[in-house]
Amino acid sequence: MASSAAAQDVPGYGHRHWSLADGAPPDIRAIARTPDGFLWLGSGDGLYRFDGLRFERVDPEDFDNFRSRQVTALAAAKDGSLWVGYAFGGIGHLQNGKLRGANPVKKPRGRITDIAAAPDGSIWVSAWSGFGSQLRHFVSGKWDVIDVNGPLQRMYLARDGAVWIASYPNIHRLAPGSRTLTTVPGPVNLGPAFREDRAGRLWFYSSDGLLRLTPTSFTHAGVTFGPMMNGSEGIREMLFDEDDLLWISGDGAGLETVPGNALNMDRARTYPMRISTLLRDREGIVWGGAPDGLHRFVRTPVVRYDAIRGVRTGIATGPDGSLYIGADEGLFRITQDKAELVLRSSLVNDVCSVPGQGAYVFTTQNEYMVRGSKPSRIIGPREQFHEVGSGCAADTEGGLWQTIAGVGIYRLAGTRWIKDESLPPVTNFVATAPGTFVVSQPLRVVARIRDGKATPIWPKETTGGTATGESRGGVGFVRMLKQMDGMTWIGGEAGLARYDGRKVQQLSARTYPWLAGVMGIVRQGAYYWLVSAGGIVRIAAADLDRAFAQPGILFPLARFGENGSIRARTEAYVANDAAIDNQGRLWFVTGSGIVQIDPRRIGPWRRDMPVQITGIEVDGRTYPATGARLPAGTTRVGLSYVGLGLASAEGNRYRYRLDGVDENWVDAGERRRVDYAGLGPGTYRFQVTAATEDGPWARRGADVRFVIAPYFWQTAWFRLAVIAAVVLGGLALFRWRVRLAMQAVHDRIEARVAERERIARDLHDTLLQGFQGLMLRFQTVLHLTPPGSPAHVAIEDALERADDVLLHGRERVRGLREDAEPKSIAEVLRSCAARVVADALEWSVDADGAEQLVRAPVAEELELAVGEALANVVKHAGAVRVRVEVHHGRDRLALRIVDDGTGLPEEVRAAGGREGHFGLTGMRERIERLGGTFSIGNAAGGGTSIRMTLPAKIAYR
C-alpha cells in the first residue's frame, strides 16, 4: 500500500504552487512548452501563457460561436507554433502570436483528447465523439482522417513513430506509415494514460493498474492506486523523470510516485495534491495542472531530512563517517541515510567530534562519550564543579576539552576534568595544534593562545593602543570556529575569515551579503560549501582563495535551497552546521531543519536560457516587439522583457543596452522593464540578456529594432534644406558684401576721376583765365612805358615768361583731362618699362585675352606697382630678362612680372618683404587697397614671379 506523505514535497524536488489568487487559470488540463520558452496552459477558462511569474490569457483572433472556452489538449510543434484542442469546436493553431481555427471541416465533431507533434513536423489529433471518434493526421498541409470505432479516450505517439490508442475496452496500435489499427491485448478502464520510460519501454495505466505494453502483449506491474479524481470525467497523466521515478496524476488521493526500478506498492508514495495533468519540459521541470492552479517541481540536490526534528546542535562526525546531531528527543546517529536515537535526552547542549573514538555530548545534567551507537557516561564539569559546559573540542592528539562560560577551559585527564589556568574563560574555541587554541569571547576578542600566551586576532592593537578599520570588529559576533585545510575558519554575523597562525584574511558581508551569519563550512574536492543567512552556497576553492587575496572581486557561486528559503539557523551561540558523510553527501543544519545535498544530482549551469522582448510601450499603447515604427514626437519608450528559465524565474537577473544611448551593459537586477526618456527620432536597437540568480549570462540574448518617426522639421531632407538655405544665404551675403566692397572701390576711383576733371575745369575757368587777363593788363602797361627803358624791358621779359607759364598751365590742364580717360594697360606698362628698365636688361610686355581699357586711376596705381617691381628687378635680381604678362579675363585683370634672376630668399618670400624695406609692402598695399590680390612666388627655372589680380568690375571702365 502506498504511504502518505504529510508534506507536499517530492524528495529531490523543490515545489511551488500558483493558486487562482496568484492569477493561475482554473482547471488546468493540458500543458505544453514551445521552443521560445513560454509555458502554455489549457484550462477551463481558455488558453494561457506563463512566463514564470505572470499568467496571460490568449484569445482566438477569429470568432466561432461553436468553439468551447475549455482547452483540453496542447502540443508544441517543431516550427515553434502551438496546436490547441477544445472540448468542442475542434482545434486551433497559434502561430506568430495569432490564434486561429485550424479545423479540416467547418463544423468539426468531438472532444479533442490529445494532440501530438511528430519529429517530421506532422500533427496527430484524437477526437472522441458519440457520433464516431477520429484519428486525424495533418501532414504536408493536408488532413488524413482515420475513423475509430468506440470512444477514443487517449492517444500517444511513441518514439518509434507508432500511434497508440486507448478505446474502451481495447488498446490499438497504428504502425508507422500504416492506416490500419491493430488491437493489442490489455485491459482498458477509466483514466487511461501512456508513457515511455527512459529505456524506451511503453507503460499504460488505467483504473485496472499499471501495464507494461509491447505490440503483442502486456504485463501487470503490480501497481494500482485508488479511484480517479472527478470520477469518469477526470483524466490521468504519467511520466518518468530523470531518476526514473514514475509520476501518476489524476488519482483521487493525490499525486502518486513509485520508483521505476522498484515498481511495487511498498515503494509508492502519495502526496495530497489534486493534480490532473503532468508535463516534464526540456529543463527537467515537472509541471502539474490542477483544478486550483499550477504546480512546479524543480529537480534539486537538496532534500529535507524529516527524520530528526527540533535540532539543537551542530553536526559531529564519527570515525566511520556517521553523523551525530542533538535534537529535542536526544542524540541521533545517522548512518546510511537512517537516523538512530542513541541517547534519549531533552537537554542536549552540544556535541563534538573525538578523532578515533566517536562523539562527545553533554547535556545540562550529564556528559557522555559515544562510540558508534553506544553512549558511555563520564563525570563531567556539571557533576564535578556544578557548572554547565558551553562548548567542547578535541585537540590534534585526541585530547578532549570543554569550556564553561565565565569560568575557564577544562581538559579531560583520564576520568577527571582539570582546569587549565593558562587559558581564559571563553564561549567558543578550537584546537589548532598541540598546546594551541583559537578562542572567542563574543564581541570582545578572538585570539590565538599558544603555550599559555595569548595573541589577539581581533581587535588588532596599534602602536597607540587602538583598533582601526575592519580590524576593530572582525566578522562580528563569532559563532563558528573550525579547523580545516591547515587554517582556522571563523564565521560570524558580519562575514567569514581564516587564520593560518600568522595572518588573518577576512571577507565582509557588506561586500558579499551571502556571507552574513556563517554557521558552517566544509570542503569537498574543488569546492567549499557553507550555510549562512544567504542560504546554502557553493564556491570554487580557487575563487574563494582569490577573494581572500583581493577582497571585492566578483566571482560565480551557486545557491541551493528553494530560492533562498533554506537558511542558517540564528539562535545558536556555538555552531558547526555543515558536514560530509561517508557517501559524499553534504549535511546542513538550517533554520528549517536538517537538509542533505547529493552532489551527484547537481547539473551544470544552463547558459541557453531563452530571452524574449515582450512589448514596446508608448503613452499606454503597446506595440509588437518586431521592428515597431513609433509615432513622431515619441520621447519616452518602455520595453518589457523576460528570461524564460522557469526553474527559478523569481531570481532571474537581466542586463540591457540601447545602442546609441547606453555606452555599456546596464545591470537591471530582477526588473523586467526599462523606460527611456528624452529619445529623438531615429532607429534604435535594444538588447537584453538574462541569467539565473547565481549563474552565468546566457550565450544568446534578444534584441529588437524600433524606429521613432520624425516630425517634418526633424527629417534629414528638412535639415539639408535648412543647411542649403543657410549656405545659400551666407553665399548671397558674402557676394553682397563683396559687391559692396567693390562698389566702394569703384566709387572711390570714380571720385578720383571726377575730382581731376573738376580741378581741370577750375584751373581753366579761374586761374588760367585770370592769368590771361593779368597779362593783358601788363601788355597795356608795356605800351605806356618808353621802349628801351629799363621798365619796358623788364615788363617785356615778364610777359614772355608769363606766356611760357600760361602755356605750361594749359598743358597741365589738358593732361589732367587726358589722365581721367581709360587707358590701354599694356601701353601704359610698356611706357613704364621703357622709362624704368630702359637698356638695363632685356624686357617685354605681353598681353592676351580680349583687351579692355582700364580706368585711369587703376592704371596709374598698376603703373606705380609694376614700376616698383621692375625697379627691384633692375637693382636686386641679377636678371638678364624680365617679362610683364597682362591677361584680360572676363571677371578679372591679372598681371604677372617674371624675371630669370636669383630669386627671393625663402624667408623674404614668406614674410612678404625685407625688414626695413618697403617696396614689396607698398606694392601689396596698393593692390589690396584696390580690392585685388598680391602674391610672390618662385618662377619656373629660377627667378621671381609677382602676381597682381584685380576684379573686372574695378579694373575695367
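Basis of the calculations
Residues numbered from 1 in each chain as written. Predicted model: local features only at pLDDT ≥ 70, side-chain atom pairs only at ≥ 80, totals over all residues. Heavy atoms only, no water. Helix = DSSP H or I, 4+ residues; strand = E, 2+ residues; numbered from the N terminus. Rg over C-alpha atoms; globule rule 2.2 N^0.38 Å. Areas by Shrake-Rupley, 256 points an atom, 1.4 Å probe, with all protein chains shown as cover. Lys, Arg positive; Asp, Glu negative; His and termini not counted. Charge placed at Lys NZ, Arg CZ, Asp CG, Glu CD. Domains from an automatic or database assignment. Contact = heavy atoms within 4.5 Å. Buried area = accessible area lost by both parts, 1.4 Å probe. Salt bridge = Lys/Arg side-chain N within 4 Å of Asp/Glu carboxyl O. Nonpolar A, V, L, I, M, F, W, Y, C, P; charged D, E, K, R; others polar. Pairing = 2+ DSSP bridges. Axes fitted to C-alpha atoms, helices over the stretch in contact; angles between N-to-C directions. Left-handed = near helix turned anticlockwise from the far one by under 90°. Buried < 20%, exposed > 50% of the residue type's maximum accessible area, 1.4 Å probe, protein only. Arc of directions from axis to C-beta. Disulfide = S-S within 2.5 Å. Core = buried A, V, L, I, M, F, W, Y, C linked by side-chain atoms within 4.5 Å.

1. Looking at the overall build of the chain
The helix and strand tally for the chain stands at nine helices and 71 strands. On C-alpha atoms alone, the chain measures out to a radius of gyration of 54 Å, which is more than a quarter above the 30 Å that the 2.2 N^0.38 rule sets for 957 residues. C-alpha extents for the chain along the principal axes are approximately 180 × 95 × 50 Å. Per element, the accessible surface of the chain, about 45,300 Å² overall, is 51% carbon and sulfur. If you average the places of the 115 positive and of the 106 negative side-chain charges in the chain, the two averages end up 5 Å apart.

2. Points about the domain arrangement of the chain
Examined at the domain level, the chain breaks down into domain 1 (304-460 + 473-601), domain 2 (611-712) and domain 3 (825-955). The centre of domain 1, based on its C-alpha atoms, is set 48 Å off from the matching centre of domain 2. In this complex, domain 1 contributes four residues to the contact, which on the side of domain 2 involves four residues. Together, the buried faces of domain 1 and domain 2 total about 360 Å²; carbon and sulfur atoms form 27% of this surface. At the junction of domain 1 and domain 2, the tally comes to zero salt bridges. For the side of domain 1 that touches domain 2, the per-class residue count stands at two nonpolar, one polar and one charged.

3. Re the sheet that holds strand E57 (residues 593-597)
Either a parallel or an antiparallel arrangement is found when strands of a sheet pair, and the pairing is made through backbone hydrogen bonds. The four strands lie next to each other as E30-E57-E56-E55, forming an open sheet whose pairing is antiparallel. Taken across any chain shown, the strands that pair with only one partner, and hence form the sheet edges, are strand E30 (302-305) and strand E55 (578-580). Strand-to-strand twist across the sheet, computed as the mean angle between neighbouring axes with direction ignored, equals 25°.

4. Brief notes about the packing of helix H5 (residues 825-836) against helix H6 (residues 856-877)
In contact at an axis separation of 10 Å, H5 and H6 are set at 35° when each is read in the N-to-C sense. In this structure, H5 crosses over H6, and the sense of that crossing is right-handed. Contacts from Ile825, Val828, Leu829, Cys832, Ala833, Arg835 and Val836 of H5 reach H6 at Ala859, Leu862, Glu863, Val866, Gly867, Leu870 and Ala871. Class assignment of the residues belonging to the contact of H5 with H6 gives a composition of 11 nonpolar, one polar and two charged.

5. Regarding helix H2 (residues 541-549)
Listed in full, the buried residues belonging to H2 are Ala541, Asp543, Leu544, Ala547 and Phe548. Looking straight down H2, one finds that the buried residues subtend no more than 160° of arc, so they occupy a single side. Exposed side of H2, more than 90 degrees from the buried face: Ala542 and Ala549 are the residues found there. On its buried face, H2 sits against strand E48 (487-492), strand E49 (495-499), strand E50 (504-508), strand E51 (520-524), strand E52 (527-532) and strand E53 (535-540).

6. A word on the state of the cysteines
Two cysteines whose sulfur atoms are joined by a covalent bond form what is called a disulfide. Summed over all chains, the structure comprises one disulfide. The disulfide bridge from Cys352 ends at Cys392, spanning 2.3 Å between sulfur atoms. Residues Cys352 and Cys392 share a disulfide whose torsion about the S-S bond is about -130°; that sign makes it left-handed. Of this pair, Cys352 sits in strand E35 (residues 348-354) while Cys392 sits in strand E39 (residues 391-394), and the two are 40 residues apart along the sequence. Neither residue differs from the other here; Cys352 and Cys392 are each classed as buried.

7. Here we look at the sheet that holds strand E31 (residues 311-317)
Spatial ordering of the open sheet is given by E31-E32-E33-E34, a layout of four strands whose pairing is antiparallel. Sheet topology places E31 and strand E34 (338-344) at the edges, where each strand pairs with a single neighbour. Averaged over all pairs of adjacent strands, the angle between strand axes in this sheet comes to 25°, irrespective of strand direction. Here strand E33 (residues 330-335) pairs with E34 via six bridges, running antiparallel. Within E34, the residue paired with Arg333 across the bridge is Glu340.

8. Observations concerning the nonpolar core
Grouped together as the largest cluster of nonpolar side chains are 58 residues, with contacts concentrated most on Trp287, Leu294, Phe686 and Phe706. One finds Leu862, Leu895, Phe934 and Ala955 within the second-largest nonpolar core, a separate group that totals 37 residues.

9. As for the pairing of strand E66 (residues 702-708)
Two faces make up the sheet, and in a regular strand the side chains alternate between them. Where burial is concerned, the two faces of E66 differ: the one with Ala702, Val704, Phe706 and Ile708 is buried and the one with Asp703, Arg705 and Val707 is not. The pairing of strand E60 (residues 629-630) with E66 spans two bridges and is classified as parallel. Within E66, the position partnered with Arg629 by the bridge is Val707. Two strands pair when backbone bridges link them, and strand E65 (residues 682-691) and E66 are joined in this way by seven bridges, in the antiparallel orientation.

10. Comments concerning the side chain of Ser276
By the element assignment, Ser276 lies in the loop between strand E26 (269-271) and strand E27 (277-280). On the basis of relative accessible area, Ser276 is assigned to the buried category, the value being 2%. If near-sequence neighbours (up to four positions away) are discounted, Ser276 is found in contact with Ile28, Met229, Ile235, Arg236, Glu237, Ser249, Gly250, Gly289, Ala290 and Pro291.

11. Regarding the side chain of Asp244
Along the polypeptide, Asp244 turns up in the loop between strand E23 (237-240) and strand E24 (245-251). Among buried charged residues, Asp244 stands out as having no salt bridge; its nearest opposite-charge side chain is Arg201, 4.6 Å away. The contact partners of Asp244, leaving out residues within four places of it in the chain, are Asp197, Arg198, Pro259, Gly260 and Asn261.

12. With respect to the pattern of salt bridges
Within the structure shown, the criterion is met by 48 salt bridges. In this structure, Arg312 and Asp328 form a salt bridge, with 3.1 Å as the shortest nitrogen-oxygen distance. Linking Arg312 in strand E31 with Asp328 in the loop between strand E32 (323-327) and E33, this pair joins segments that are 16 residues apart in sequence. Judged by its relative accessible area of 36%, Arg312 falls in the partly exposed class. Residue Asp328 is classed as partly exposed on the basis of its relative accessible area, which comes to 39%. Between Glu842 and Arg881 there is a salt bridge, with the nearest N and O atoms lying 2.7 Å from each other. With a gap of 39 residues between them, Glu842 in strand E67 (residues 842-848) and Arg881 in strand E68 (residues 881-888) connect regions that are remote in the sequence. You can call Glu842 partly exposed: its relative accessible area is 48%. When its relative accessible area of 28% is taken as the criterion, Arg881 is described as partly exposed. Connected via shared salt-bridge partners are Glu242, Asp243, Arg280, Arg299 and Arg601.

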